[in-house]
Amino acid sequence: MTTDTLPAVDDVHLRARIDRSLRFPLLFFFTSAAGWLCLSSLLGFVSALTLNVPELFDGLPYLQYGRLYPIHLNALVYGWAMQAGFGVALWLMARLSRNVLRNPVTLVVAGHVWNLVVSVGLLSILFGWGTSMPWLDFHKGICPVLLISYISIVIWIVGMFASRSEKSAFVSQLYILASVFWFPWIYLTANGFIHQDGGAAVMKSAVNSWYISNMIYMVLAPIALGASYYIVPKVTGRPVFSYALANIGFWSLVLFTGWTGMSRYMGGPIPAWLPTVGGAASIFLLIPALAVVYNQVKTMEGKLAWANYSPALRFAFFGSIAFLVGVALNVMISTLPVGKTLQLTQAQGGIDLVAIYGFFTMTMFGAIYFIVPRIVGCEWPNGQMIRFHFWFSAYGVGAIAAFMIFAGLAQGHVIANYTEEFITAVERGKPYLAALAIGWFLIGLSNLSFIAQLGLMVIRRGRRDDEGPTLIHKKPEDYFTHELVTEKAAQA
Amino acid sequence: MNEELPNPETTHLDYGERSSVAEIHAAVQREKREPLAGFQPVSMVAIVIAGLILVLGGSYLGAYNGGFDLKRSYAVANYEAAPRPVIPGFEVKVDNRPWIDRWMEAGKEVYATCAACHQPNGNGLVGQFPPLAGSEWVVNGSERVGAIMFPGILGSINVKGQVYNGVMPAQGALLSDKQLAQVMTYIRRSWGNNGSIVTEEMVKYARDKYGSRVQPWSEAELLAIPGDAMLPGAEVDPLTGLEPGAAPAGS
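Residues numbered from 1 in each chain as written. Chains lettered and ligands numbered in written order. Predicted model: local features only at pLDDT ≥ 70, side-chain atom pairs only at ≥ 80, totals over all residues. Heavy atoms only, no water.

K.L.:
How would you sum up the environment of M184 of chain B? Please name residues and give values.
P.N.:
Residue and element names in this part refer to chain B. Here M184 shows up in helix α6 (residues 177–189). C-alpha separation for the pair M184 and Y205, spaced 21 residues apart in sequence, amounts to 14 Å. Contact partners of M184, with chain neighbours within four places excluded, come to S142, V145, G146, M149, V198, V203 and L231. (Helix = DSSP H or I, 4+ residues; strand = E, 2+ residues; numbered from the N terminus. Contact = heavy atoms within 4.5 Å.)

K.L.:
Can you explain the pairing of strand β1 (residues 153–159) of chain B? Please cite residues and give values.
P.N.:
Both faces of the sheet carry side chains from a regular strand, because those side chains alternate between them. All names here are of chain B. Of the strand pairs in this sheet, β1 and strand β2 (residues 162–168) are connected by seven bridges, and their pairing is antiparallel. Counterpart to I153 in the pairing with β2 is M168. Counting the residues that bridge the hairpin from β1 to β2 gives two residues, and of these K160 lies at a positive phi of roughly 50°. (Pairing = 2+ DSSP bridges.)

K.L.:
Give me the packing of aromatic side chains: which residues, what numbers.
P.N.:
Taken as a whole and judged by the stated rule, the model has 47 aromatic pairs over all chains. Measuring from centroid to centroid gives 4.4 Å for Y150 of chain A and F183 of chain A, while their planes differ by 40°, and the two rings are tilted. Highlighted residues: Y150 of chain A in helix α5 (residues 142–162) and F183 of chain A in helix α6 (residues 171–195), separated in sequence by 33 residues. Judged by centre distance (4.2 Å) and plane angle (35°), the rings of F388 of chain A and F392 of chain A are tilted. Residue F388 of chain A and its partner F392 of chain A are both found in helix α14 (residues 383–416); the two are separated by four residues, about one turn of the helix. Residue class for F388 of chain A comes out partly exposed when judged on its relative accessible area of 29%. Connected via pairs of aromatic rings, a cluster forms that spans W80, F315, F318, Y357, F365, Y369, W380, F390, W391, Y395, W440 and F450 of chain A. Looking at R164 of chain A, its charged tip hangs above the ring of F161 of chain A, at a distance of 4.1 Å from the centre. Taking the ring centre of W217 of chain B as reference, the NZ or CZ of R213 of chain B above it sits at 3.8 Å. (Phe/Tyr/Trp six-rings, centres within 6.5 Å; stacked < 30°, edge-to-face > 60°. Buried < 20%, exposed > 50% of the residue type's maximum accessible area, 1.4 Å probe, protein only. Lys NZ or Arg CZ within 6 Å of the ring centre and 35° of its normal.)

K.L.:
Break down the pattern of salt bridges for me, with residues and values.
P.N.:
Going through the model one piece at a time under the given rule, you end up with eight salt bridges over all chains. Across the salt bridge formed by E301 of chain A and K298 of chain A, the nearest N and O atoms sit 3.2 Å from each other. Judged by its relative accessible area of 23%, K298 of chain A is partly exposed. Here R213 of chain B ties to E221 of chain B by a salt bridge, and the two come within 2.9 Å at their closest N and O atoms. According to the relative accessible area criterion, E221 of chain B is partly exposed, its value standing at 32%. (Salt bridge = Lys/Arg side-chain N within 4 Å of Asp/Glu carboxyl O.)

The following block contains the structure:
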């Protein structure tokens, strides 16, 4: 292929070649991810409705909360989050390893397989063959196929890293590698443990919660952190404030995440030290979270206002803050003082959502807003719609998380009191759950605007004038052109 | 810019792409360099904060680890379990009766297999099935009963002064040691009989000794076993079912 022999003329041309080689796989992953996201938002809305009005779809087993909610959640995780992650990780790895993707076609095929597997998995839940283990609801026959499909995708990411031209690795690359090596082993361990014949049932639930926590903090989070460690310096044109801090953030995340998760069963019939270790590890996670946020704020220092204009920066910055908030909330629910009331209530779902939506998803949006113009060669059609997307998503996820936590507080005391009946706890939470439906409605709307813009970009109907990048607000002064000019001057 | 560039690659997947990289999209062009790493050292404050977090987490672990005991599911000092909740219709029945009553009750259930012939009241049927109630074969030594259970009896046998001439089928192969022990205890202690308790251990001895015998007993052969011979095995306390002096169950 001519691609391989072509000399890297200069940085800009290399980037352009990398972006072009990734266009099809990335657009495939981003659009199908966005599709799943819309479906998931819709089901989030409908399942929230059934929580409020349980008799809504009487007589239709397919539309009951017990199936809708797992479909919503698994579509969000395996349909949207993992695929958006594939796209972003591929792009970051290619850019940072200065490597052109050699096999776009293979990757697109692997992507189709992934989507097929996820669809079959979701259907298995719909028909009632799910496992009812949260985040692992797919029928057990799906697991091996999903794992193989995962490996057939990430192998290209690892390959690009292995053949990188620059020997030193940027922290984003470390994050991405950690993520792609983490998923196979936790997925295998959790499924193997849960689907074995026999074994203590409570331990299976505990392993399940360990899996969820590892998915959030060691599979999804690293990709988002890798993306914001790329986007923030890139957009602001500054080096990462402190590389030492970035390293601490990375290694502490790797070190502590594996211990988290079992705290979900504090006081349950498992050995007491398991949840306690989980609680302590969730406290330790404050270290990577603080390191990341401090590092990014310092990197942006003096240019924080740019988050007003650059969509990528705004989403990524929001995401990083949400990461810290999510980790702090996770400490609350994972340790005894507050956790003993909050655990096993709606609050758990709300706090998970801060991490997978407020943090991960928002950062992915930022990355997609950054990447797609580069791979398709035109600008996002409308900054107004990006602003709409941002605010509706932010308010939506904020409302859902806040009200689920309130619901949890209202329920927690009842659940913890053995003289109360369980239904009382359910009813205590009910008033707050209306907000859940509203929140998912807002998110759904915002994602419609997102997928509409993305669709336009895919068919290359974006802006093609000389206005420069699409910004959230019309820039008051020429921040970006100014930067470009100075940088050009510096390079010349 | 850069018109002198070599002609760019095209991939098969490409659509609508202008064939020259010379026209690089503005987004790529305006980009800043790939991110660099700054070398700010980690500040003292950051190290102190990290230290505090480690101490906090560590002391949480120290306070609630429950001694890393694999069998302890609570970690709080002075923990007191809540009383069992009472759910109407789901009361857990705890059987507090003496062990021997439960043993006899289980034996009665097993006896259903014998009752077809020997009758529920243990009196048998005149001329066909001999009685077990008051039978000298049953109440005296336990070894004879144990022996009968295995290959059964063929030919005439004198029970309580009456001669029976039927077939007693083998029972041992169909029942477990425990069930045999229960039913043997049951027939030895019901309907006014007052024999000793038979335990699993004793049945095991009988099975070892007679289990492989195929030829049913004749009366003469049975009489060769001393009438007061007992199956060897430890005696048990009727209250607990354990050897007297052993620790109570559940400790």
